[in-house]
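Given next are the chains, with one letter for each unit.
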Amino acid sequence: MPEARGATLEVDNVTLAFGGLKVLRGVSFAAQAGSVTALIGPNGAGKTSMFNCISGFYRPSAGTVRLDGQDISRVKASSRAALGMARSFQNIALFRGMTVLDNIKLGRHAHLRTNLLQGLLHLGPAAREEEALRAEIERKIIDFLEIDHIRNKPVAMLSYGLQKRVELARALAMQPRILLLDEPVAGMNREETEDMARFILDVKDEWGVTILMVEHDMGLVMDISDHVAVLNFGAKIAEGRPEEVQNDPHVAEAYLGSGDPAALMRRLHAEESAA
Amino acid sequence: MSDDLLFFTEVTLAGLGSGALLALTALSFVLIYKATRVINLAVGETLMLGGYLFLAFAAGMGLPVWAALPLAIAGGGVLGAIVERGLIRPMLGKSPISVFMVTVGLGSVLVGLVEMLWGTDPRTLPGFIANTPVFIGEAYVSRKIVVAFIAAALVIGVFLALFRFWRGGVALRATASDQAAAYSCGINVPGVFSIAWIIGCATAAGTGVLLGAIGGISPSMGIFGLSALVVVIVGGLDSILGALIGGLGLGLIQAWTGSYLGGEYQSVVTFGLLIVTLVIRPYGLFGTHEIERL
Amino acid sequence: MIIGTAKETYRADEALLTTRPQQVWMAVLLAGLAVLPFTFNAYWTYLACLVLINVIAATGLNVLTGFTGLVSLGHAAFMAIGAYTVAWLERDIGTPLLLNLLAGGLLAAGIGVIVGLPSLRVKGLYLAIATIAASFILHFVFVEWTAVTGGSAGISLQPGTVFGVALVDYTQLYWLIMPICVLMVTGAANLFRNRIGRAFIAIRDRDISAEVLGIPILRYKLMSFALASFYAGVAGGLWAYFFRVVTPESFPLLTSIFLLAAVIVGGMGTILGGVIGALFMTLVPELLRFGVELLGPVIPNAGLILSPVRTIVFGALIVGFLVFEPQGLTEIVQRIRRFFRLWPFRT
């Protein structure tokens, strides 16, 4: 099924400042091709700012973002989709008035070729392109994410969990080589969270897509990540495999204000059982 | 004083006079916008209605000017109250464009009503300002323009004082800066809405009488509202200072272009100014810059 | 409950008209358009032409305002550009009619892109006001550029000819205007079956995430301006052949308001909305005329109140629909449709 291999993303010494306020200070980390990397940290650590730098809404004051070795720091946000970058938003950013199917089709926009004139006529190439798109979305995405029963429903009518799933579907329609997920399971119940975890792993395994996610649910992070980077006050304080990060005293300090790894573990377990 | 300079002075003085009326009309925009975030395009038509109400009271019913003027102003206020309660409040929370279009439709209704009651021909208001000119130094100015200028200045002065010192003015400023916070401070926000519309429309009606006294009235005089709209966009929609400076500035610019380039250039200069402002400083010279967040 | 919409192929599901009743109603409409000039007198044919011209312009504005979310109050100025282009080409160059119409549309589209440029910086109401300003500046050009536009007197045209036939009476004009209108409305409807139209809607609904999907926002906004202006330009060109005189006062601000009102009253963001909005708003003044004529014997000077009554009703329709029926006539049509569900195909 996967045509495109996952891409490697390297963030190198990225600094972001708004006026005098430094939101990110020289952050470096990498998401290896075909792996799941999690970006974690307390609220206000700069995770979403990092995402906005990677997807091109903010331009870093210093440092570079590289995709498969190519510097993309100066590429416009709207041009990054064609490079194979897709993202979801913390607060779902679907087009609420459109149907699920139209939302997913929009994901493919950057890869379609129909121009204005062909669009007005909707004959030959434009019609064929639409048909092929529809067939592929049905076969690959709608079946894969188990959303065939809602394909013609307006997004606004769907539950929160389903909307998150549609957002993932739309991101997949972008034929991404790297997928940025901003809190993919925030606000979900346990069952929905487990579904989403399964989908994320399936995307990685079956599509070979690199995944970079910001997530607060430590259970999920520890379960599915291959690699974790920790931010605090705009600086990276730790990086490594999940279990390494879990035992890092700096991380525990960032979260709890004390250097006791055991306290972090207790808190993580408490969160997990509360979820 | 040379003739050229004298001519320039006279043009400038006339420009300040019409600028004062523009400022007053702009004030009506700003007042309503500050309180309710509505751009009321019917301000121009309210102004026209004020002129016709004065005509009805003074010429039709034969009332003296000191009675007809307050009645015309009160008529504008009543219109404002009805419009706010009947049309604007039901539109709360709708897109600003929809509300804007409601006021456009309202303007059309007002024009139709006036044409139905008074016909489409231009009328002159019964003279209540003497025709004898005023000389400032050597420069000749129409007495009507001087009176209009002084009246506008007085009204604007009163408004500024009210904003600063009257409880209602403070409530208005609070509502303008944050509706929810104003609510929680116990400010009667719907009441502020009503008051803003009443005062705003009454101001426009009064301006209409002054404008009509200078140039006569007609159903199409609402177009003056478009010039005032340019003033508030250039000055900043929520800025009283912007309305004053913008009004006087545009009055001067229009007078100068009208006299030196020709009347046909007035609209192109006015609207060119508008476009330049929108592209360079969309929130106006003195307006508040609202930052959009992702 | 509609059951019969399951499709055998994706092609059928992606078609413009997906249900049987839709197809039948469309066939009825097209047949009606084809026989209209044979069944009605010249006056009604004249009105039909006027409606069709307004349908083209309103559909263009609907693409811009209803689907892309960019409000324009300067649409009439683009009709004027189309009309002047056609009139100038007829008077000074003598190119063929269809080419003139195309040129009118394209020039309007080009100017539309320039007028759309402020949408880079401003949106919403500010953009609407910028378009008003642009239309006043264009008006100035029409009055002052006498060599081309004929100044305040404007340009008078000879009847246009197409394939050797002079378009003199309303029936002949109808056969020019009607097919163009059908083509252009179909084109607009097609647009929303593929990536271009979807991108417009995406920009209207949430422009930040449109960017993440790889939609260059400014380019699409300008494309929407160009397309809407092209429609207006062609409508204006047809208008020029229809009335055979173009002056700076032919397309006042009121026409822009009229077109926006048609889109609002019809229903923003549906192709049907632009069509029935233009139909309704063009016919209401005529209906009022009949009403006033009926009242003639009862009310003295009934003729004098016609114009003010039209102005009042025009304003009241805008206000009434925005306050009470913001989805427009389309929503009312849907309600009727739900009521009759599949009629007359109910089994």
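Within any chain, residue numbers begin from 1 and follow the written order of that chain's sequence. The lettering of chains begins at A and the numbering of ligands begins at 1, in the order of writing. Local features in a predicted model are, by the rule used here, given only for residues with pLDDT of at least 70; side-chain atom pairs are given and counted only at 80 or more, and totals for whole chains, interfaces and linings are based on all residues. No hydrogens and no water enter the side-chain calculation; it runs on all heavy atoms of the structure.

1. Let's talk about the overall build of chain C
- Helix and strand assignments come from DSSP, with helices taken as H or I runs of at least 4 residues and strands as E runs of at least 2, each series counted from the N terminus. Each helix and strand counted, chain C has 15 helices and 4 strands in total.
- Using C-alpha atoms as the atom set, the radius of gyration is obtained and then compared with a globule rule of 2.2 Å times the number of residues to the power 0.38. Relative to the 2.2 N^0.38 estimate, which gives 20 Å for 347 residues, the radius of gyration of chain C is 21 Å and therefore close to what a compact globule would have.
- Principal axes of the C-alpha set define a box for chain C whose edges measure 60 × 60 × 45 Å.
- For the exposure calls, accessible area comes from a 1.4 Å probe over protein chains only, and a residue counts as buried if that area is under 20% of its type's maximum, exposed if over 50%, partly exposed in between. Buried positions account for 54% of the 347 residues belonging to chain C.
- A separation threshold of at least 6 residues defines the contact pool for chain C, and within that pool the share at least 24 residues apart is 77%.
- Note on areas: Shrake-Rupley, 1.4 Å probe, and residue coverage restricted to the protein chains presented here. Of the accessible surface of chain C, which amounts to about 14,900 Å², a share of 69% is contributed by carbon and sulfur atoms. Should any heavy atoms of two residues lie within 4.5 Å, those residues are considered in contact.

2. Focus on the interface of chain A and chain C
- Counting residues at the interface gives 37 residues for chain A, matched by 32 residues for chain C.
- Salt bridges are defined by distance alone: a side-chain nitrogen of Lys or Arg within 4 Å of a carboxyl oxygen of Asp or Glu. Where chain A touches chain C, the interface holds 1 salt bridge.
- Across the pair Arg198(C) and Glu130(A) runs a salt bridge, and its minimum N-O distance is 3.1 Å.
- Two N or O atoms form a polar contact when they lie within 3.5 Å of each other; inside protein one atom must be a possible hydrogen donor and the other a possible acceptor, and for residues adjacent in sequence the pair counts only when both atoms belong to side chains. On inspection of chain A and its partner chain C, the count reaches 9 residue pairs in polar contact (both at pLDDT 80 or more).
- Contributing elements (two or more residues each) for the side of chain A that touches chain C: helix H2 (100-107), helix H3 (116-121) and helix H4 (125-142) of chain A.
- Element by element, the count of residues in the side of chain A that touches chain C is highest for H4(A), at 7 residues.
- Its residues placed into classes, the side of chain A that touches chain C shows 18 nonpolar, 8 polar and 11 charged. Asp, Glu, Lys and Arg are counted as charged, while Ala, Val, Leu, Ile, Met, Phe, Trp, Tyr, Cys and Pro are counted as nonpolar; the rest, among them Gly, fall into the polar class.

3. Structural notes on the confidence of the model for chain C
- Chain-level statistics for chain C give a pLDDT mean of 89 and a share of 95% at 70 or above.
- For this predicted complex, the interface confidence reaches an ipTM of 0.88, while the overall pTM sits at 0.88. A score between 0 and 100, pLDDT records how confident the predictor is in each residue.

4. Here we look at the side chain of Thr203(B)
All names here are of chain B.
- Within the secondary structure, Thr203 sits in helix H8 (residues 189-215).
- On the accessibility criterion, Thr203 (10% relative accessible area) is buried.
- There is a polar contact of 2.6 Å between the side chain of Thr203 and the backbone oxygen of Ile199.
- Excluding residues within four positions of it along the chain, Thr203 makes contact with Leu24 and Phe159.

5. Let's talk about the pattern of salt bridges
- Under the criterion given, the structure shown has 24 salt bridges over all chains.
- Its salt-bridge partner being Lys236(A), residue Glu239(A) comes within 2.7 Å of it at the nearest N-O pair.
- A residue is classified by how much of its surface remains accessible, and Glu239(A), at 32% relative accessible area, is partly exposed.
- Across the pair Glu286(C) and Arg289(C) runs a salt bridge, and its minimum N-O distance is 3.4 Å. Highlighted residues: Glu286(C) and Arg289(C), both in helix H13 (residues 271-295), separated by 3 residues, approximately one helical turn.
- Residue Glu286(C) is classed as buried on the basis of its relative accessible area, which comes to 14%.
- The network of salt bridges with common partners includes Glu146(A), Arg165(A), Asp195(A) and Arg198(A).

6. Some details on helix H5 (residues 143-165) of chain B
- A helix is expected to span 1.5 Å multiplied by its residue count minus one. With 23 residues, H5(B) ought to run about 33 Å at 1.5 Å a step, and its terminal C-alpha atoms sit 33 Å apart, in line with that.
- For H5(B), the complete set of buried residues consists of Ile145(B), Ala148(B), Ala152(B), Ile156(B), Phe159(B) and Phe163(B).

7. Re the sheet that holds strand E1 (residues 9-18) of chain A
Residues and elements named next belong to chain A.
- Strand pairing is assigned whenever DSSP identifies at least 2 bridges connecting the two strands. In space, the 4 strands of this open sheet follow the order E2-E1-E4-E5, with antiparallel pairing throughout. At either end of the open sheet lies a strand with only one pairing partner, and these are strand E2 (21-31) and strand E5 (70-71).
- Across 7 bridges, E1 lies against E2 in antiparallel orientation. Note that in E2 the partner of Leu16 across the bridge is Leu24.

8. As for the sheet that holds strand E9 (residues 227-232) of chain A
All names here are of chain A.
- Across the sheet, which stays open at both edges, the 6 strands sit in the order E6-E7-E8-E3-E9-E10 with mixed pairing between neighbours. A strand with exactly one partner marks an edge of an open sheet, and here the two such strands are strand E6 (85-88) and strand E10 (235-240). Between one strand axis and the next, the sheet turns by 15 degrees as a mean value, whatever way the strands run.
- Sitting on the sheet, helix H1 (residues 47-55) touches strand E3 (36-40), E6, strand E7 (178-182), strand E8 (210-214) and E9, and the angle it makes with E7 is about 150 degrees.
- In this description, a line fitted to the C-alpha atoms serves as the axis of each element, helices being fitted only across the stretch in contact, and the angle between N-to-C directions of two axes falls anywhere from 0 to 180 degrees. Across the sheet, helix H6 (residues 190-207) touches E3, E7 and E8, and the angle it forms with E8 is around 150 degrees.

9. Brief notes about the packing of aromatic side chains
- Side-chain rings of Phe, Tyr and Trp (the six-membered ring for Trp) are treated as a pair once their centres are within 6.5 Å; stacked means planes under 30 degrees apart, edge-to-face means over 60, and tilted covers the remaining angles. Under the counting rule described, the total for this entry stands at 28 aromatic pairs over all chains.
- Relative to Trp175(C), the ring of Phe38(C) lies with its centre 6.1 Å away and its plane at 45 degrees, an arrangement referred to as tilted. Of this pair, Phe38(C) sits in helix H2 (residues 20-39) while Trp175(C) sits in helix H8 (residues 170-191), and the two are 137 residues apart along the sequence.
- Relative accessible area serves as the criterion here: at 64%, Phe38(C) is assigned to the exposed category.
- Under the relative-accessibility criterion, Trp175(C) is labelled partly exposed at 36%.
- Cluster of aromatic residues (ring-pair linked, three or more members): Phe40(C), Tyr43(C), Trp44(C), Tyr46(C), Tyr170(C), Trp239(C), Phe242(C), Phe243(C), Phe251(C) and Phe290(C).
- By definition, being over a ring means that NZ of Lys or CZ of Arg is both within 6 Å of the ring centre and within 35 degrees of the ring normal. A cation over an aromatic ring shows up here: Arg87(A) above the ring of Phe89(A), its NZ or CZ 4.3 Å from the ring centre.
- In this structure, Arg289(C) is placed above the aromatic ring of Phe290(C), and the distance from its NZ or CZ to the ring centre is 5.6 Å.

10. Structural notes on the packing of helix H3 (residues 42-67) of chain C against helix H12 (residues 253-266) of chain C
All names here are of chain C.
- The geometry of H3 relative to H12 is characterised by a closest axis approach of 9 Å and an angle of 70 degrees between their N-to-C directions. Compared by their axis directions, H3 and H12 come out roughly perpendicular. Where H3 approaches H12, its residues Asn54, Ala57, Ala58, Leu61, Asn62 and Thr65 are matched on the opposing element by Phe258, Leu259, Leu260, Ala262 and Val263.
- Looking at the contact of H3 with H12 residue by residue, the classes come out as 8 nonpolar, 3 polar and no charged. Orientation is classified from the angle alone, with under 35 degrees giving roughly parallel, over 145 giving roughly antiparallel, 65 to 115 giving roughly perpendicular, and any other angle giving oblique.

11. Details of unusual backbone geometry
- Positive phi is not limited to glycine here, since Asn13(A) has a value of about 55 degrees.
- Its location among the elements puts Asn13(A) in strand E1.
- Phi is positive for Phe163(C), which is not a glycine, with a value near 50 degrees.
- One can find Phe163(C) in the loop between strand E2 (161-162) and strand E3 (165-166).
- Here Phe163(C) falls in the exposed class, since its relative accessible area comes to 77%.

12. With respect to the pairing of strand E4 (residues 62-67) of chain A
All names here are of chain A.
- Taken together, the 5 bridges between E1 and E4 define a ladder with antiparallel strand orientation. Bridge assignment links Leu9 to a residue of E4, and that residue is Leu67.
- Pairing of E4 with E5 involves 2 bridges; the strand directions are antiparallel. Pairing of Leu67 across the sheet is with Gln70, part of E5.

13. Observations concerning H2(A)
- Buried residues dominate H2(A), accounting for 7 of its 8 residues.
- Listed in full, the buried residues belonging to H2(A) are Val100(A), Leu101(A), Asn103(A), Ile104(A), Lys105(A), Leu106(A) and Gly107(A).
- The inward-facing, buried residues of H2(A) contact H4 and helix H5 (160-173) of chain A together with helix H9 (195-205) of chain C.

14. A short note on the environment of Leu61(C)
All names here are of chain C.
- In this structure, Leu61 sits in helix H3.
- Judged by relative accessible area, which is 0%, Leu61 ranks as buried.
- Here the alpha-carbon distance between Leu61 and Ser256, two residues 195 residues apart in the chain, equals 9.5 Å.
- When near neighbours in sequence (up to four residues on either side) are disregarded, Leu61 contacts Gly66, Ser72, His75, Ala228, Leu259, Leu260 and Val263.

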